[in-house]
Structure formats: structure tokens, C-alpha cells
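Inside the fold
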Amino acid sequence: MSLGSTAVRHDSGRRDAAGNARAMRLFQVGVLLLTLALSGCKTETPASAPALRVFITYATFRPKCLTLTVVDVHDASHTASGAVPVDEERLSDTRLGVIQDHPGWSRDLRVTAVAHEGSCAGPVIASQSAEARFPTRDVTDLGLDLRAEDLDGDGAFAAKPPYPGTDCDDTDPAIHPGATELCDGVDNNCVAGEDDAPRETPFWPDADADGYGDDGAPRALACITPTGFTTRGGDCDDTAGDIHPGQAEFRCDGRDDNCDGVADSDGFSVGMACTTPLGCSGVLACAGPSASACASSEQPVAYFADDDGDGEAGQWVGPGCVPPEPGATREDTDCDEGSALARQGLTEQCDRLDNDCNGQTDDGVTGCASTTWGVREELGDANARFDAVAVYSRRHGWLAGAASRVLHVEDDAVTPVTNCEGEWKSAWAASNGRVFLGSRAGRFATLKPGEEAEPCESFSSGHAGAINGLVGFESPTDNIVTLYAVTSQGRVLRWRYDDGGATQEQPTVLTEVASNLRAIHGLDERTLLAVGAETVDGQPRPVAFRAPTSGTTWTKEELGVSGATGFLNDVRVLTPRLAYVAGDGALLLERSRDTWTRLPTLTVTGGATPDLRALMAFGRTALYAVSSEVNDVHFFNGSTWSTATQSPATLNALGGSGPGDVWATGHRGTLLRWTP
């Protein structure tokens, strides 16, 4: 037999022999093998002698090498084979091989078609064999069908039996032998996994599994994270899962929780310079696991301020390493910051103040201890009741009250005003002796010494309701006196009186609050306090309002006496930072630097708690009050109450030009004065 090969093209659904047959003796066995491309149906064998035609069909893949082998069944030494030409662009095709007779061979043949991957030396990816009997005449046909998988069309075949190829992922055309291996967690070239990939990713051992590795431990290079490793280094303690970079310092304990090289950094800032709230220099240190605080070796000292403006400081403003406020000093030289008449360096006077701040009151003043109160009764009328007193200089002042009674007092001389009609509830006198009065009917009146026999000037406030309290301020540049008054309807009135002017302006309402106001006092228009009561759940409750430092809104004060009932009946402002109010239920409050404090309660004979009707204050240690239960003039020295004197009748009002000139007046035309 002879073997040769001829190419046949596929065209229009039929097999045509194309080109010239090219005989090729493959082996020295005399077998000629012809291979032809087929197109459509069978064609005539290009030889006239008997022949065996082999149709080799393959589908869904492109073999790089296709071979046909013929073996004599009875003598295996008679073997011939040859390569079958293929069109590398065709996914499916049929090829024709022609086997011709050769002397010495038997007629029983085994014919095998084999497809290879890559080249004829590559792995077998498909094979089929069949036995055939060589014809004695004409042509016999034999068909061989080859099947292999290259689903992704990358020229590498699936590694699956019975003829596995070399493609380790036949679904991805980028994965096949010969591809560039990448460090991406995939065996791109189907060789040794990723061991042949460029190993550019370092990994650190992560013993505590917190996602950060130990920088000081040996690194591993790999494409995917090895077990027990992480892509992030920087862990300064790989034995503690809560210590690693990428977090804020979360506890103050001397450890570096976030591995930034500084223990207790971030919000704790341990070791940084700081200043304590008292102004002492120090450094931040842990104050428990959740906070740091400024620690200082400096020892704070006490500081004092001059609240009463007498040039000496005695108001404790707290400890510190620096002055807590401007002007504060370490020297405590003022024992009563409510009075300019008490400070170190002054001479002791008979006024119930510790003038020289030696810890004793009125010491060394001859006859002071035996000084008594002067008492005058039935001034003008045994039925007279005085509700207001206005003192403008030592032993000089005015009394005013019910039934149009107004008296001018000069030393021991008393002169009644003959024509000043009204039920007078309040009074204030200027330094020239001119008195201003407020009536139960909402009217103002004024007169000055020497006019007692003339009708007093009378003016309407423009509003009904009693004018319960009055205070005034004199202008240093003209004759204007500005008066402030409060009414039982909650109005705060302002009235500017031009002493000697031909006309007077009408009083105006500064504010109106939902309260019954009883008294007003201040050093100027910015320090005014108005007091009285508001109705809450049907009960009167103490209330105080502070004048605005700017604007028009009066501020309701937080007195800190929740549950107290009744009225605040009087108020005295001693300095811009110190004031006292007194009221029902023996309520005595101190307002010091915007803080209200309840002072000890007055009790009287039998344990009763009286209502305080009026208040006079000359300092922190010299307060006077009159009450409803007894006729005494009560004295408060800053810590305890005592009786200054007893009165023959109930007292309603207090006044005075200073701590050595104290007046009290009330029923039965009574006037008491302490003027040592």
C-alpha cells in the first residue's frame, strides 16, 4: 500500500478535489497516504486503483496538529502515518485521507486519527480508531469523528479526561498555558499555581488577629494573604487585639493604644504643658482610664476682690495660681465688702461695723455700748401711721403715711406738712432735702424743706395702683432727678423731675410684669432690683427682677427658694455685686455676684416666724429689719440675729443716712432713731 496527501477545499456543500495530489512516502513500507480537504459530499478518489478513503471530522475546536496513522492488523511493523493539513481559522472542519494499496501489507487495517494541542508534540486532545478492510476494487469510505473542548477559544483545551488538555480554566480566555502570570489570586498560566508570579505584596504576621501585623517580625511575600498574616503592618503590640494603628487613643493608662509612638496621645495628650482651672502650670496626666487632667505641683492661694470700691479687697473669689479676675489680690484687708466704712486702716466708730477690721465691733469707742435709741411717740397724732421714711442727711428726713400725714424732721424739730393729700406708701429724698412721695392712688408728690406750709406739688403717674417703692438718682450736671417707682400692678415707672423747671414730663412705663411689686432700690439705673410676688397656683411666690444693663428687658432672678410663699417686701443694693431682700416668712436673701443665698431665719419670742416688713443694710455685717410679730428693731450681723431695740408700737419702715444714723417708724406716730 502507498500513503500520500492532497488538500481538498470546502465549497458550496460538496466535496471537490482541488489542486494536485502531492504523493509523500512517509515510511519505507511502501504505503501511500493521501489527505484531502472535504467540502460537502464524497468525491472521487484522485487515484484509479482501489483505495480506502478516511473522512476525519472535528467540531467546536481548532486543532494545531491533526495526524492519521495506518497499522497492518496482522503485522504491526507495517505502519505509516502523516500529518493532516488543517485550516487554523476554522472551528469545525472535515478532512479526507486516501490510503492506497502497497505490496506486502494485509488487507486488514487499523486507522487512527489524533488531534494535538499546540503542536504535533503537544498533548493528545482527541483520538478515534477504527478497523477497515482494504477493498480489492473501487473505493471504501471510513469516517472518524474527533471531539475536544476549548470553550473559551484560547487554543488551550480543558484538562478533563479522557484526553486532558492544559487549560486549568476553560471558561476564561485569559487563563491558559503561556499567559502572563499575575499576582491576583489566580493561576493565570496553569503552571504551579501562583508560585511563578512576581511576588511584590508583603504580608506581616498578625498574632492577635486585629488586622495589623508586627513590623519587627519576618515578612512573607505572596499574592493572597497567608493564614495568620495581614497586609498592614505597624502593630506595636501583636499580643493585644485592642492595640493597633487606625484608631484613637481610647484609654489613659500609659500604653500606646494606636501605635503612633506616643502613649496616651490624641484626646489625652499626656505630657503636654497645660494650665489647671486655677491657673497653675502643669502637664496633662491620666486621671483614670477615660480622661486626663492637668496636674500641677504649684499650690493655689486665696485671692480677694474689692467689690465695694473702697480700695481694699476682702471678697473671696477663690484659690488660684494667678488672679481669678482682674484686680484680684492675695491680700485680704477688707472685712466687710458691703461697706466702704470697714477696712484695715480705718478708725473704729460707733456704728455696729468693724471699721478697722480687727475682729471686734465698736471696740474702744467710749460710751458706744450704752448708746440707746431715741423714741418719739404720737408725732402729730396718736392715730398717725407712717409707712415710709426718707432720710437725706444725719438726723434730717421725712416721714409719710396714711391720711395725708407728712412730717419733716430736723434734729429734734418736727414740722408737719399742712397740705399734701394722699395715702402715702413710699418716699425718697434728694441730697438737698427735696422729698418725693408715692401714693396708694398712683400719684406722685414733692416738696422741699421750708415748704411745709405750702401745698406740695402733685402729679399723676398716669396709672392706677399703689406706688409701693421709690428710689431716685441725681444728675451731677443739672437739676434733673430721675425717679424709679414700682406699683402693685407690676409696673416699673420712670419719672424725670426738673427741680425748678416750669413744666415736668409725664412718667413713663419701663416694663410691666405679672407681679405685685413692693419695693425698688439700686445705685444707678443699671443696678436696680424690683421685688414683690407673683401668683403661682393661687399662691403668692417671692419674685425679683433685675434691670437691664442694655436694652429694655428686665430679667427675672432665680432666687433658689422653691416652695417659699409670700412677698418680698424690701430690697437694698449695697454694691453692684451685693444686695439684700427681705420678705414674708422671715425670708432674708443675699445676692452676691449673681448668686442668691438664703440667710439664717429670724425667729421671735414663742418660736414664731415673722414677716419682715422693711429692711435697711449698711454692710454685710450690719442689717436692720422690722417685722409683723413683734415691735422690735432686729439686727443681723452676718451670722446671727439679735434685738437692736424695742418699740412701743408696730413698725412699718426703716431708713437712715448711714450706720450711725438709723431710723424706724410706724404706728401711733412712732419714730425711733439710733444716732450715737
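Quantities reported herein were computed from a predicted structural model and do not represent experimental measurements.

This brings us to the overall build of the chain. Regarding its fold elements, the chain presents zero helices and 48 strands. For the chain, whose C-alpha radius of gyration is 60 Å, the value lies well above the compact-globule estimate of 26 Å for 676 residues. Its C-alpha atoms give the chain principal-axis dimensions of about 175 × 55 × 50 Å. Buried residues in the chain amount to 49% of all 676 residues. Within the chain, contacts between residues separated by at least 24 positions form 48% of all contacts whose residues are at least 6 apart in sequence. With 52 positive and 98 negative side-chain charges, the chain shows a separation of 8 Å between the mean positions of the two kinds.

Once that is clear, we can look at the state of the cysteines. This model, assessed by the stated rule, comprises nine disulfides. Paired through a disulfide, C252 and C286 show a sulfur-sulfur distance of 2.0 Å. Because the torsion about its S-S bond is -90 degrees, the bridge between C252 and C286 counts as left-handed. Highlighted residues: C252 in the loop between strand 15 (229-230) and strand 16 (273-275) and C286 in strand 17 (residues 281-286), separated in sequence by 34 residues.

Summed over the entire model, instances satisfying the criterion amount to 15 aromatic pairs. One aromatic cluster is present, formed by W428, F436, F444, F459, W495 and Y497 through successive ring pairs. Over the ring of W674 we find R352; its NZ or CZ atom is 3.9 Å from the centre of that ring. When the ring centre of F567 is taken as reference, the NZ or CZ atom of R518 above it lies at 3.7 Å.

Tracing the chain through its elements places S439 in strand 27 (residues 435-439). Owing to a relative accessible area of 3%, S439 belongs among the buried residues under this scheme. S439 has contacts with E423, W424, K425, G465, A466 and I467, leaving out every residue within four places of it along the chain.

Turning next to the pattern of salt bridges. Counted by the stated rule, this structure contains 33 salt bridges. A salt bridge links D253 to R251; its shortest N-O distance comes to 2.9 Å. Note that E377 is salt-bridged to R668, the shortest N-O span being 2.9 Å. A residue pair is termed long-range when its members are at least 10 positions apart, and E377 in the loop between strand 21 (374-376) and strand 22 (386-393) and R668 in the loop between strand 47 (661-666) and strand 48 (671-674) qualify at 291 residues.

Among the structural elements, S269 can be located in the loop between strand 15 and strand 16. In the structure, S269 is positioned 17 residues away from C252 in sequence and 9.3 Å away in space, judged by C-alpha atoms. Aside from chain neighbours lying at most four places away, what touches S269 is D264 and L284.

Per-residue confidence for the chain averages 89 on the pLDDT scale, and 93% of its residues sit at or above 70. Confidence drops under a pLDDT of 50 for residues 1-47, and excluding neighbours within four residues, the segment shows 162 contacts in the predicted structure.

Another aspect to go through is the side chain of N652. Residue position: N652 is located in strand 46 (residues 651-658). Within the local environment of N652, its side chain forms a polar contact with the side chain of D387, the two groups lying 3.1 Å apart. Within the local environment of N652, its side chain forms a polar contact with the side chain of R613, the two groups lying 3.0 Å apart.

Turning our eyes to something else, we now look at the sheet that holds strand 24 (residues 406-410). Reading across from one edge, 22-23-24-25 is the order of the four strands in this open sheet, with antiparallel pairing throughout. The open sheet has two edge strands, strand 22 and strand 25 (413-416), and neither has a second partner. For this sheet, the mean angle separating the axes of adjacent strands, direction not counted, is 20 degrees. One ladder, built from five bridges, connects strand 23 (residues 396-401) with strand 24; its direction is antiparallel. Residue pairing across strands places L399 opposite L407, the latter belonging to strand 24.

Of note, V84 is situated in strand 8 (residues 75-84). Separated by 424 residues in sequence, V84 and T508 place their C-alpha atoms 123 Å apart.

Taken together, the four strands give an open sheet; going across it, the order is 34-35-36-37, and neighbouring strands pair in antiparallel fashion. For this open sheet the edge positions go to strand 34 (516-521) and strand 37 (555-556), each flanked by a neighbour on one side alone. For strand 35 (residues 529-536) and strand 36 (residues 539-546), the ladder comprises eight bridges, and the chain directions are antiparallel. Following the sheet pairing, E534 is matched in strand 36 by R541.

Our focus in this paragraph is unusual backbone geometry. The omega torsion of the bond from P161 to P162 falls at 5 degrees, within 30 degrees of zero and hence cis. With phi around 55 degrees, D264 is a residue other than glycine that occupies positive phi space. Non-glycine residue D537 carries a positive phi angle of around 55 degrees. Tracing the sequence through the fold places D537 in the loop between strand 35 and strand 36.

Mapped onto the elements of the fold, R577 is located in the loop between strand 38 (568-575) and strand 39 (578-583). Sequence-distant contacts of R577, that is, excluding residues within four places in its chain, are made with D307, E325, R591, S592 and R593. Here D307 takes part through its side chain, which lies 3.5 Å from a polar atom of the side chain of R577. A distance of 3.2 Å separates a polar atom in the side chain of R577 from a polar atom in the side chain of E325.

Cut-offs and rules
Residues numbered from 1 in each chain as written. Predicted model: local features only at pLDDT ≥ 70, side-chain atom pairs only at ≥ 80, totals over all residues. Heavy atoms only, no water. Helix = DSSP H or I, 4+ residues; strand = E, 2+ residues; numbered from the N terminus. Rg over C-alpha atoms; globule rule 2.2 N^0.38 Å. Buried < 20%, exposed > 50% of the residue type's maximum accessible area, 1.4 Å probe, protein only. Contact = heavy atoms within 4.5 Å. Lys, Arg positive; Asp, Glu negative; His and termini not counted. Charge placed at Lys NZ, Arg CZ, Asp CG, Glu CD. Disulfide = S-S within 2.5 Å. Phe/Tyr/Trp six-rings, centres within 6.5 Å; stacked < 30°, edge-to-face > 60°. Lys NZ or Arg CZ within 6 Å of the ring centre and 35° of its normal. Salt bridge = Lys/Arg side-chain N within 4 Å of Asp/Glu carboxyl O. pLDDT = per-residue confidence, 0-100. Polar contact = N/O pair within 3.5 Å; in protein donor to acceptor, adjacent residues only side chain to side chain. Pairing = 2+ DSSP bridges. Axes fitted to C-alpha atoms, helices over the stretch in contact; angles between N-to-C directions.

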